[in-house]
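Summary of the model geometry
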Amino acid sequence: LRTTVLTLPDEPPKMNKKMIKELRENILGVSQPVFALFLGVSPAAVKAWEQGIKKPSGSARRLMQLFSKDPTSFHKLVG
């Protein structure tokens, strides 16, 4: 039998409305619709996150974590 040992990453960090807006506007420099497109969510979802009405899913938080650590990865996707 073959065994593979993997180290799983921690849960994506929690992000409050201020952090999300800071990432979108100041670090990535994109609009809510563009940000939503690359996260695979609706612009209304991004708006709700930034107003503190809803919280982003784990997968969205993971992508935001990656984009905040390496904004060039986001810009490579945008082209």
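Treat the numbers as computed from the prediction; the structure is a model and nothing was measured. (Residues numbered from 1 in each chain as written. Predicted model: local features only at pLDDT ≥ 70, side-chain atom pairs only at ≥ 80, totals over all residues. Heavy atoms only, no water.)

Another point: the pattern of salt bridges. The tally for this structure, following the rule as stated, stands at 4 salt bridges. A salt bridge links K14 to E11, with the shortest nitrogen-to-oxygen separation between them at 2.9 Å. Using a relative accessible area of 59% as the deciding quantity, one classes K14 as exposed. Of the charged contacts, one joins R24 and E50 as a salt bridge, the two residues approaching to 2.5 Å between their closest N and O atoms. (Salt bridge = Lys/Arg side-chain N within 4 Å of Asp/Glu carboxyl O. Buried < 20%, exposed > 50% of the residue type's maximum accessible area, 1.4 Å probe, protein only.)

On to the nonpolar core, then. Among the nonpolar cores identified, the biggest contains 14 residues, and I20, L23, L28, F35, L39, W49 and M64 are the most heavily contacted of them. For this core, the secondary-structure elements that each account for two or more residues are α1 (17-28), α2 (32-39), α3 (43-51) and α4 (58-69). (Core = buried A, V, L, I, M, F, W, Y, C linked by side-chain atoms within 4.5 Å. Helix = DSSP H or I, 4+ residues; strand = E, 2+ residues; numbered from the N terminus.)

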